[in-house]
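Observations on chain architecture
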2 protein chains.
Amino acid sequence: MTRILYTLCGRDERRPFSPHSWKTVMALAHKGLDFEERPTPFTEIPKLENGFSKTVPILRDGDRLVRDSFDIALYLEEAYPDRPTLFGGEGGKALSRFVEGVSQTLVHPVLTRLAVKDIHDMLAEPDQIYFRETREAYLGRKLEEFPPMREAEIDNLKQRLEPIRHTLKHQAFLGGATPLFADYIVFGALQWLRVTTGPLPLSSGDTALQWYERCLDLHGAKGRAFG
Amino acid sequence: MTRILYTLCGRDERRPFSPHSWKTVMALAHKGLDFEERPTPFTEIPKLENGFSKTVPILRDGDRLVRDSFDIALYLEEAYPDRPTLFGGEGGKALSRFVEGVSQTLVHPVLTRLAVKDIHDMLAEPDQIYFRETREAYLGRKLEEFPPMREAEIDNLKQRLEPIRHTLKHQAFLGGATPLFADYIVFGALQWLRVTTGPLPLSSGDTALQWYERCLDLHGAKGRAFG
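Looking up chain A in an unreviewed UniProt entry gives the name Glutathione S-transferase family protein, with the organism given as Rhizobium oryzicola.

Counting residues in each nonpolar core, the largest one holds 142 residues, and the members touching the most others are Leu-76 and Trp-211 of chain A together with Leu-76 and Trp-211 of chain B. The residue makeup of this core includes at least three contributed by each of domain 1 (3-79) and domain 2 (90-224) of chain B. Trp-211 of chain B has contacts with Ile-164, Leu-168, Ala-172, Phe-173, Leu-174, Asp-183, Val-186, Phe-187 and Leu-190 of chain B, leaving out every residue within four places of it along the chain.

Before going further, it helps to examine empty space enclosed by the protein. Under the definition given, this model contains two cavities of 30 Å³ or more. By volume, the largest cavity amounts to about 40 Å³. Lining of the largest cavity is provided by Phe-98 of chain A together with Val-99, Val-102, Ser-103, Val-107, Arg-160, Leu-161, Ile-164 and Val-186 of chain B. Per-class residue counts for the lining of the largest cavity are seven nonpolar, one polar and one charged. Taken as a whole, the second largest cavity encloses approximately 40 Å³ of empty space. Breaking the lining of the second largest cavity down by element, the ones donating at least two residues are α3 (90-122) and α6 (162-168) of chain A. It is α3 of chain A that provides the largest number of residues to the lining of the second largest cavity, a total of three residues. A breakdown of the residues in the lining of the second largest cavity according to their chemical character gives seven nonpolar, one polar and one charged.

Residue and element names in this part refer to chain B. The four strands are arranged β2-β1-β3-β4 in an open sheet whose pairing can be described as mixed. Two strands lie at the open edges of the sheet, namely β2 (36-40) and β4 (64-67), each paired on one side alone. Taking the axes of each pair of neighbouring strands and ignoring which way they run, one obtains an average angle of 20° across the sheet. Bridging between strand β3 (residues 58-61) and β4 involves four bridges; their strand directions are antiparallel. Looking at the pairing, Ile-58 lines up with Arg-67 of β4. Across the sheet, helix α1 (residues 19-30) lies against β1 (3-8), β2 and β3, angled at about 150° from β1, the strand it touches most.

Criteria and thresholds
Residues numbered from 1 in each chain as written. Chains lettered and ligands numbered in written order. Predicted model: local features only at pLDDT ≥ 70, side-chain atom pairs only at ≥ 80, totals over all residues. Heavy atoms only, no water. Core = buried A, V, L, I, M, F, W, Y, C linked by side-chain atoms within 4.5 Å. Buried < 20%, exposed > 50% of the residue type's maximum accessible area, 1.4 Å probe, protein only. Domains from an automatic or database assignment. Contact = heavy atoms within 4.5 Å. 1 Å grid on protein atoms, 1.4 Å probe; cavity = no way out; pocket = protein on both sides within 12 Å on 5 of 7 lines; lining within 4 Å. Points joined across faces, edges and corners; volume = space filled by probe spheres on them. Nonpolar A, V, L, I, M, F, W, Y, C, P; charged D, E, K, R; others polar. Helix = DSSP H or I, 4+ residues; strand = E, 2+ residues; numbered from the N terminus. Pairing = 2+ DSSP bridges. Axes fitted to C-alpha atoms, helices over the stretch in contact; angles between N-to-C directions.

As structure tokens, this is what we get:
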């Protein structure tokens, strides 16, 4: 197979957890494209493909190498225009950046605080050293300070998913009656939380959770296939 | 002229301040459609057009009456397909709902707390009574409790505009190189704050403010034409 997707894992490579890599897993599945997934520990990523990228996902598609989940989605849309669209036109492409903005600037910070200690504990030793050093510097706290804030962060998460609930009053997916890349952007964020910390802390009546479950069922339940 | 747009005003009808009505003002201007604006006080709205709607905007387009800013945008897109698009395709239409969700569930609550006392003070007496009663019940506080929280709410506002700044790293408008209805959704929210409380509490180097200023300059600087 000539299509390889490098993703992120800890000690157990059956539990890839990078939110950005999950976006790409779903984007490739959406386009109906086969690929071999190669989950990679943090400290091995800079060695992949002759140092092509410091972060995953990295997609090798034949001779072509592409990095960054959004750029990969744009690449797939251009390279495979006859497959189902990831954006639904130019307006959808532009507004997917806004969805990315919401996910990465408002939702990710909460998820980071919820998951950072569990992520650390999933890693092999060399990755734990790297992870603790970089994350504690970035977050300005010891990793052990986060678990006690869990309940407050769950409240934050619930609030920051309100835009999704608003959208779901009008349609089944963020992308409309069927999903688009925008759905996979937020799905990837929540999948990150689930793979690293367990079942999402949302109630069964929460339409945002119901939407996430619909995403899990997409493309042969690709999102359920781990661990 | 057969096109009438009912909007919202206080004592001074030259200062229409409804965020939703501003979305429609910009949407009509975007489509290049002339209209007569009729700013209306809160307590007069239920009497408009034989009680057609409890809220503005209300658009009369010849024989057609349409309410709700999003529904009006959808109507305009369908009725005037040869004019510049408000959505940029089906994906853009779907994701505009998500932008509306962000604006109404994350940004509006902060703007409400920042503006609610000033809005009250702009109203004529019968509207003040209606407004205080409904808003204090909804917000669970006296209107006078909000101004002292101003600095904290400004910090909240700055944080909740982060998705816009993220988007603007990649493009000039939320809609891409040129604006779409999604831009007018968030513009309307900030315009509401400016018309009711004065200059936006954002620094000149803030890309979100620079984008808002670009929106003000659109369509013959329509957004600057008040007061």
